[in-house]
Amino acid sequence: MSKKYILGVFDDEATLVDAFEKLKDKGVMPVEVYTPYPVHEILEGMPIKTRITHAAFFYGLFAALGILGFLTYAASISWPLHYGGKPFNAFPSFIVVTIVATILAITLLTLFTFSARAKIFPGKKAEIFHEQATDDKFVMVFDEAGIANDSESVKSILTEHGKIE
Amino acid sequence: MYNSAVRGKLIDGDKSFSQISKDILAPIHAKTPLWWYAAMLVSLGMFGFGLYCKYITVSTGIGTWGVNNSVAWGWAIINFVWWIGIGHAGTAFSIFLLILRQKWRTAINRAAEAMTVVAVFCASLFPLLHMGRPWLFFFIFPYPNTRGPLWVNFNSPLFWDFVAISAYLLISASFWYFGMVPDFATIRDTAKSKIKKAVYGFFAFGWTGSSREWLRFEGLSFVLGGIAAVLVVSVHSIVSTDFAVSVQAGWHTTIFPPYFVIGAIFSGFAMVLTLVITMRGLYKMNDFITDRHVDAVCRILIFISLIMGTAYMTEIFIAWYSASEYETYMFFKNRLFGDYAFQFWAMFTANAVIPQLFWFKAVRKRMWIVFIISIIINIGMWFERFNIVVTTLSRDYLPAAWANYSPTYVEIGFFVGTLGMFLAGVLLFFRYIPMIAISELKSVAKFDKPNNGQLKAKSHE
């Protein structure tokens, strides 16, 4: 890595969140925060957002319309067949397949979206800043150039709660 | 906010985060114990016998089974419904307890989901081979073909079933896998050996635990959890329509969908108990799967058992109340006192009576009794499916078509084979996969701390 980074390493969630909020008040944002489990204060505080739930809604909408459309087309236009005197366009009995297949479509498409957006995919090499961030350490990463102006105060807040590595 | 006064602590032993990772990953990093190889050998033996029986089924045909023209659905459909039922607990555990904000689920959901994936896979084999010509199974896909294109019958519950099971298998497997990605990353970062680092590193998909990943991960869990809840209810409802849409006495009832869904969750939770008590016994996970966890599952089982009892009584009552000659015969003559009365009463006792022992605290805290009852429930649920499938088919409207049924060794071997496959799957799970969701467990660990682990009094629940 060509850039220089400062790592603030914390032992638990509480100290991490405290330091994060103090820094945020000062207007300093970490480049990234690594935690062993999701910490909601961080997820809400970081300048990131996700539209994955909206995407899932639209996948569902289009999948449901598409599947219902296909069933109607196949059963009543392409090759209509009599099944025990039922109407060709037997809408009520299409509902079941539409629901289940829509759920399948939402799941798979949302998974692919997640994989693409969070860049989590087979064969990816992890860029690890701190070996224990998936075990028991909470790590904040700062870009050294980005915090040049108030690096002293950042460092003091970090050392107050955790340590710098 | 988790109210610890009700259920006590979630994790015993006041563990640090790294201690949690270490304890749960211990079986993966340790040497494989001897009993593991022995158990694996036994399950592979069972699996092999099952393969042999499948070979006979495919090479000779369904004639090697005990099914006949009247009782055309024998053990294959019984076992299919039984396995699917067991497979329901994983998703039910993850989703319903998630919706109900039950934090104790974190210790158990991974095992329950693993069980789901293996059980649904076992289940899917039965209808596949029951087709008779399984090499033509792809005819059931609605794909543009040279036969018309002749589409499949979208009105048929058997087609709904096919869609439901393949969707359920894919969805529960991906839900389970993505839940494990952060834990695989933990193994990658704590493992000493290079091979383990590489293998688990591959399966971790480059996970680092950054806030960008967690944010989307939470979004993903939210979406998958929300829609999988619908799936839990719909899949077994669809399985029940295989029966309820027909016009057979004892099957053609509107109670079937809820009755099947509840029954599925019942047998699934019982299998979860069997599994987690085994985990506690073999791997000393008592600090994570505490007595209180087992206690909570037992309490749920009392409740579901009461619903099961009510459902059985309702069926019998409605058979009388409907004043239908056939329904009355089916229940009062055939099921209660007919040739298969033993299976009926075994089902009733095992599902509606014996689980009532869980009312007693003395029973709930003795693990070996809980273990035995959990097995009894699974046997009882098997008899329930036998009772539904065989009693109805063996005595239909035409006395000339009445026939009894008993399985051949091929059918039994097929079932034993899936049991072996399930056991082998569970053993592999114990050995190579973190059997408790580490990252989820860490996220609830703070609720055990005196001041909630927070510097400020703040809650985000």
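Since the model is a prediction, treat every value here as computed from it, not as a measurement.

Visitor: Is there a simple way to explain the overall build of chain B in this structure?
Guide: What chain B contains, in helices and strands, is 16 helices and 0 strands. In summary, chain B has a C-alpha radius of gyration of 23 Å against a globular reference of 23 Å for 461 residues, a match within 12%. In terms of overall dimensions, chain B has a C-alpha envelope of 75 × 55 × 45 Å along the principal axes. In chain B, buried positions account for 49% of the 461 residues. Sequence-distant contacts, at least 24 apart, represent 82% of the contacts inside chain B between residues at least 6 apart.

Visitor: Help me out: how do you make sense of the overall build of chain A in this one?
Guide: Counting its regular elements, chain A contains 5 helices and 4 strands. For chain A, the proportion of its 165 residues judged to be buried stands at 38%.

Visitor: Looking at this structure, how should I read the interface of chain A and chain B?
Guide: One widely used convention gives an interface's size as the accessible area the parts lose upon coming together. Taken together, the contact pairs 61 residues of chain A with 62 residues of chain B. Where the side of chain A that touches chain B is concerned, the elements lending two or more residues are helix H1 (13-25), strand E2 (32-34), helix H2 (40-45), helix H3 (52-78) and helix H4 (91-117) of chain A. It is H4 of chain A that provides the largest number of residues to the side of chain A that touches chain B, a total of 15 residues. Residue classes in the side of chain A that touches chain B are distributed as 36 nonpolar, 12 polar and 13 charged.

Visitor: Just to check I follow, could you spell out the confidence of the model for chain B for this structure?
Guide: Detailed reading of the predicted model is not advised wherever pLDDT is low. All names here are of chain B. Model confidence for chain B is summarised by a mean pLDDT of 83, while 93% of its residues fall at 70 or above. Per-element confidence in chain B is highest for helix H3 (residues 34-60), whose mean pLDDT is 91, and lowest for helix H1 (residues 4-7), whose mean pLDDT is 50. Note that pLDDT drops below 50 for residues 1-5; the model gives that stretch 6 contacts with residues more than four away or on any other chain. Here residues 450-461 is a poorly scored stretch, pLDDT under 50, and it has 14 contacts once near neighbours within four places are set aside; other chains count. For this predicted complex, the interface score ipTM comes out at 0.82, while the overall pTM is 0.86.

Visitor: Looking at this model, I keep getting lost on the nonpolar core. Mind explaining?
Guide: Nonpolar side chains tend toward joint burial in soluble globular proteins. Counting residues in each nonpolar core, the largest one holds 176 residues, and the members touching the most others are Val 97 and Val 100 of chain A together with Ala 89, Ala 111, Met 115, Phe 269 and Val 272 of chain B. The greatest single-element share of this core, amounting to 16 residues, is contributed by helix H9 (residues 256-283) of chain B. Residue assignment places this core across two domains, with domain 1 (5-49 + 127-164) and domain 2 (52-117) of chain A each supplying three or more. Those residues within four positions of Ala 111 of chain B in sequence are excluded, and the remaining contacts are Val 272, Leu 275, Val 276, Met 279 and Met 435 of chain B.

Visitor: Can you help me understand the environment of Gly 66 of chain B in this one?
Guide: Residue and element names in this part refer to chain B. Here Gly 66 is to be found in the loop between H3 and helix H4 (75-99). Under the C-beta neighbour-count criterion, Gly 66 is labelled partly exposed, with 17 such atoms within 10 Å. Considering only alpha carbons, one finds Gly 66 and Val 410, 344 residues apart in sequence, at a separation of 8.6 Å. When sequence neighbours within four positions are dropped, the list of residues in contact with Gly 66 reads Gly 74, Tyr 405, Ser 406, Pro 407, Thr 408 and Glu 411.

Visitor: Would you take a moment to explain the pairing of strand E3 (residues 138-143) of chain A for this structure?
Guide: Here is the key point about a regular strand: its side chains alternate between the two faces of the sheet. Residues and elements named next belong to chain A. Relative to E3, strand E1 (residues 5-10) runs antiparallel, the two sharing 6 bridges. Within the sheet, the bridge partner assigned to Phe 10 lies in E3 and is Phe 138. The pairing of E2 with E3 spans 3 bridges and is classified as antiparallel. In the strand pairing of E3, Tyr 34 is matched with Val 139.

Visitor: Would you explain the packing of H3 of chain A against H4 of chain A in this entry?
Guide: Residue and element names in this part refer to chain A. Packing of H3 against H4 leaves a shortest axis separation of 8 Å and a crossing angle of 145 degrees. Taken as a pair, H3 and H4 cross one another with a handedness that is right-handed. For the pair H3 and H4, the contacting residues are Ile 52, Ala 55, Ala 56, Tyr 59, Gly 60, Ala 63, Ala 64, Ile 67, Leu 68, Leu 71 and Thr 72 in the first and Phe 94, Val 97, Thr 98, Ala 101, Thr 102, Ala 105, Ile 106, Leu 109, Thr 110, Thr 113, Phe 114 and Arg 117 in the second. Taken together, the residues that form the contact of H3 with H4 break down as 16 nonpolar, 6 polar and 1 charged.

Visitor: Would you explain the environment of His 252 of chain B in this entry?
Guide: Residues and elements named next belong to chain B. Tracing the sequence through the fold places His 252 in the loop between helix H8 (211-244) and H9. Distance from His 252 to Pro 33, taken between C-alpha atoms, is 51 Å for residues 219 residues apart in sequence. With near-sequence residues (within four places) excluded, His 252 lies in contact with Ala 244, Ser 246 and Val 247.

Visitor: When you look at the confidence of the model for chain A in this model, what are you seeing that I'm missing?
Guide: On average, residues of chain A score 77 in pLDDT, and 83% of them reach the 70 mark or higher. H3 of chain A holds the highest mean pLDDT among the elements of chain A, 87, whereas strand E4 (residues 163-164) of chain A holds the lowest, 66.

Visitor: Is there a simple way to explain unusual backbone geometry in this structure?
Guide: Residue and element names in this part refer to chain B. Positive phi values are uncommon outside glycine, yet Ala 323 reaches one of about 60 degrees. Here Ala 323 lies in the loop between helix H10 (291-321) and helix H11 (325-337). Since 8 C-beta atoms lie within 10 Å of it, Ala 323 is described here as exposed.

Basis of the calculations
Residues numbered from 1 in each chain as written. Chains lettered and ligands numbered in written order. Predicted model: local features only at pLDDT ≥ 70, side-chain atom pairs only at ≥ 80, totals over all residues. Helix = DSSP H or I, 4+ residues; strand = E, 2+ residues; numbered from the N terminus. Rg over C-alpha atoms; globule rule 2.2 N^0.38 Å. Buried ≥ 20, exposed ≤ 12 C-beta atoms within 10 Å, placed from the backbone. Contact = placed C-beta atoms within 7 Å. Nonpolar A, V, L, I, M, F, W, Y, C, P; charged D, E, K, R; others polar. pLDDT = per-residue confidence, 0-100. Core = buried A, V, L, I, M, F, W, Y, C linked by C-beta atoms within 7 Å. Domains from an automatic or database assignment. Pairing = 2+ DSSP bridges. Axes fitted to C-alpha atoms, helices over the stretch in contact; angles between N-to-C directions. Left-handed = near helix turned anticlockwise from the far one by under 90°.

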